[in-house]
Amino acid sequence: MMEIGVDSFASAMYGTNKNNALSSVDAMEQLLERITFADEVGLDVFGIGEHHKKEFLDSAPHVILAAAAAKTSRIRLTSAVTVLSAADPVRAYQNFATLDLVSKGRAEMVVGRGSSVEAYPLFGFDLKDYDALFKEKLDLLLNIRDNEFVTWSGKFRAPLVNQPVYPRSLQEKLPIWLGVGGTPESFARAGTLGLPLMVAIIGGETHRFRPLVDFYREAGRRAGFTPEQLKVGLHSPGYVAATDEQAVADYYPGYAELWTKLGRERGWPPVTKAQFDSLIAPTGVLVVGGPQQVAEKLLRHSEALGGVDRFTFQMDNAGLTHAQLMGSIELIGKQVIPLLKNI
């Protein structure tokens, strides 16, 4: 059964419309309310991203997740993603091991290099070391996760010699997923290490990632891991409303505004309605629609990728109101998840 959840960047972007502006305090309060509600209506996981820019409030995701842990009882709580290349793996492990204790064994991490790169200069790292930093720090993080006493040395951090790292997580092995975009080396790395894979697909057609997912599974098989150990997660933009038409009406304006703004920063052309329509089509990446359409699309995506173990909606960066997001979470929990069990 596919796990279903939501990922949030703790967006503070609602203020682009001055009539809909939110203070950071109110935005954070509403985010915690959404996580609590997701727990109540039966979602499996809630993730918080990591950014270091004005539009988002998620620079310390473990703090937000710890606050959510105190308000929830069942839902799993994860980063989405931890920018490991710009972090100290010792501190990252300690933060999430502490979260695991607070949540009584519900913490996870998704680690990656980060598609938003503002963390690198902020913490004194050079972008030319983008991949080398991640490779080394992932090695240390896994060493810490698997061993109470750590002996390790590398290029970017002082060595550790039989150094204990505390606290230890409640779970015997804190779950660590590898967050990837479209780089074949990243898929192979996850498979070789036997780590569950979280694929962020934000544009185009989902089935085009099948060769990369197969590459991951083959790398894992060659490294001696079983298919059950090689989990695949999918993170994509999405939103659920009562009807397909209402979902588009709610979602498109904010989506177009956001992605056009990002396009100006990254050299993409402005969003058009024709492009959006292709993305909500049956093979397009956007999971936007009424409950039936969304459930069918999730199953179609899973089949296209050879099986998906977890899907997380990225929905709160489209200028949607708190009420709309709460309604979407309710529909996911009360209609989409039951449909997935019965289709």
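First, a word on what this report is: a plain description of the structure on this page.

How each quantity is defined
Residues numbered from 1 in each chain as written. Predicted model: local features only at pLDDT ≥ 70, side-chain atom pairs only at ≥ 80, totals over all residues. Heavy atoms only, no water. Helix = DSSP H or I, 4+ residues; strand = E, 2+ residues; numbered from the N terminus. Rg over C-alpha atoms; globule rule 2.2 N^0.38 Å. Buried < 20%, exposed > 50% of the residue type's maximum accessible area, 1.4 Å probe, protein only. Contact = heavy atoms within 4.5 Å. Areas by Shrake-Rupley, 256 points an atom, 1.4 Å probe, with all protein chains shown as cover. Lys, Arg positive; Asp, Glu negative; His and termini not counted. Charge placed at Lys NZ, Arg CZ, Asp CG, Glu CD. Expected span 1.5 Å × (residues − 1). Salt bridge = Lys/Arg side-chain N within 4 Å of Asp/Glu carboxyl O.

## Structural notes on the overall build of the protein chain
Along its length, the protein chain carries eleven helices and twelve strands. Here the protein chain has a C-alpha radius of gyration of 19 Å; the compact-globule value for 343 residues is 20 Å, and the two agree. The buried share among the 343 residues of the protein chain stands at 54%. Summarising the internal contacts of the protein chain: among those between residues at least 6 apart in sequence, 72% fall at separations of at least 24. If you sum the accessible surface of the protein chain, you get close to 14,800 Å²; carbon and sulfur atoms cover 55% of it. Charge centroids of the protein chain, computed over 35 positive and 39 negative side chains, lie 3 Å from each other.

## Quick notes on helix α1 (residues 24-41)
The terminal C-alpha atoms of α1, which comprises 18 residues, lie 26 Å apart, in line with the 26 Å expected from a rise of 1.5 Å per residue. All buried positions along α1 are accounted for by Ala27, Gln30, Leu31, Leu32, Arg34, Ile35, Thr36, Phe37, Ala38, Asp39 and Val41. Looking at the buried side of α1, the elements it contacts are β1 (3-8), β2 (45-48), α2 (61-69), β3 (76-79) and α11 (322-342). Positive backbone phi, approximately 105 degrees, marks Gly42, located one or two places after α1.

## Some remarks on the environment of Ile332
Looking at the secondary structure, you find Ile332 in helix α11. You can call Ile332 buried: its relative accessible area is 0%. Each C-alpha atom, one on Ile332 and one on Tyr239, is 9.0 Å from the other, the two residues being 93 residues apart in sequence. Leaving out residues up to four positions away in the same chain, Ile332 has contacts with Ile4, Leu43, Val240, Phe313, Met315, Ile337 and Pro338.

## Some details on unusual backbone geometry
With an omega dihedral of 5 degrees, the bond running from Ala80 to Val81 counts as a cis peptide bond. Topologically, Val81 is positioned in the loop between β3 and β4 (82-83). Across the junction of Tyr166 and Pro167, the peptide omega takes the value 0 degrees, indicating a cis bond. Its place among the elements puts Pro167 in the loop between β7 (160-164) and β8 (176-180). Positive phi values are uncommon outside glycine, yet Asn162 reaches one of about 50 degrees. Examined against the element boundaries, Asn162 turns out to sit in strand β7. With a relative accessible area of 49%, Asn162 lands in the partly exposed category.

## With respect to the pattern of salt bridges
For the coordinates displayed, the defined rule picks out 17 salt bridges. Where Arg221 meets Glu218, a salt bridge forms, and the shortest distance between an N and an O atom there is 2.7 Å. In this pair, Arg221 and Glu218 both sit in helix α7 (residues 210-222), three residues apart, roughly one turn of the helix. Judged by its relative accessible area of 52%, Arg221 falls in the exposed class. Taken together, the shared-partner salt bridges in this structure form one network comprising Glu3, Arg76, Glu108 and Arg310.

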